[in-house]
Amino acid sequence: MSEEVKNDVIINFNGREYKAEDLSEDQANIAAKLNVAQRKLQSLQAAYEDYVITSEYREMQVKAFAETVEAEEAEEAEVIEEEERQERPPMM
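Every chain is numbered independently, its residues counted from 1 as its sequence is written. Selection of residues for local features in this predicted model requires a pLDDT of at least 70, selection of side-chain atom pairs for listing and counting requires 80 or more, and totals for whole chains, interfaces and linings are taken over all residues. Where side-chain values are given, they derive from all heavy atoms of the structure, hydrogens and water being excluded.

S.K.: Is there a simple way to explain the overall build of the protein in this structure?
M.R.: Broken down by element type, the protein carries 2 helices and 2 strands. When the helices and strands of the protein are placed in sequence order, the string is α-β-β-α. Only the protein chains shown count as covering a residue, and every accessible area follows the Shrake-Rupley method with a 1.4 Å probe. About 8,600 Å² of surface is accessible on the protein, with carbon and sulfur atoms providing 53% of the total. The numbering of helices and of strands both runs from the N terminus, where a helix is a DSSP run of H or I of at least 4 residues and a strand a run of E of at least 2.

Below you can see the structure in the form of structure tokens.
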């Protein structure tokens, strides 16, 4: 199919290509709106996929941060316990 013929196609619907001369004015308007809606949906799909990936990445970073905080808190608790042991008088 040549580029010239492809450019004349307004919409491909149910496996059939429709050119401007095949459509009434109303059909051409609807076809134009369908094309806009299709492009918008494709854009939204890409945005959704970006959202999902970014959300998963954020969740990984939240977990990594929580693990570092928990490790730090555990280390601080050990230091406090050690200091308390050193301050206690030996039991006899």
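S.K.: What exactly am I supposed to notice about unusual backbone geometry here?
M.R.: Here the phi dihedral of Asn 14 falls at roughly 55°; this positive angle occurs in a residue that is not glycine. Note on placement: Asn 14 falls in the loop between β1 (9–13) and β2 (16–19).

S.K.: What's the story with the pairing of β1 in this structure? I'm lost.
M.R.: When a strand is regular, its side chains alternate between the sheet's two faces. What makes two strands pair is DSSP finding at least two bridges between them. Of the strand pairs in this sheet, β1 and β2 are connected by 4 bridges, and their pairing is antiparallel. Among the inter-strand pairings, Ile 11 is bridged to a residue of β2, identified as Tyr 18. Between the antiparallel neighbours β1 and β2 lie 2 residues, among them Asn 14 with a positive phi of about 55°.

S.K.: Would you mind showing me how to read the confidence of the model for the protein here?
M.R.: Atom-level detail of predicted coordinates should not be read off regions where pLDDT is low. Looking at the protein, the pLDDT average stands at 88 and 88% of residues meet or exceed 70. Taking the mean pLDDT of every element in the protein, the minimum, 57, falls on helix α1 (residues 3–8) and the maximum, 94, on β2. Taken as a whole, residues 1–5 scores under 50 in pLDDT and shows 3 contacts with residues more than four places along the chain or in a different chain. Confidence scores per residue from the predictor, reported as pLDDT, run from 0 to 100. For this analysis, residues touch if any pair of their heavy atoms sits within 4.5 Å.

S.K.: Teacher, can you tell me more about a negative patch on the surface here?
M.R.: Patch definition: residues with relative accessible area over 30% and no salt bridge; like charges joined within 9 Å; nonpolar side chains (Val, Leu, Ile, Met, Phe, Trp, Tyr) joined within 5 Å. Criterion for a salt bridge: a side-chain nitrogen of Lys or Arg within 4 Å of a carboxyl oxygen of Asp or Glu. Note on charges: Lys and Arg go in the positive column, Asp and Glu in the negative column, and His and the chain ends are not counted at all. Every charge is mapped to an atom, namely NZ of Lys, CZ of Arg, CG of Asp or CD of Glu. Taken together, the side chains of Glu 67, Glu 70, Glu 72, Glu 73, Glu 75, Glu 76 and Glu 78 present a region of like negative charge at the surface. Residue placement: Glu 76 occurs in helix α2 (residues 25–87).

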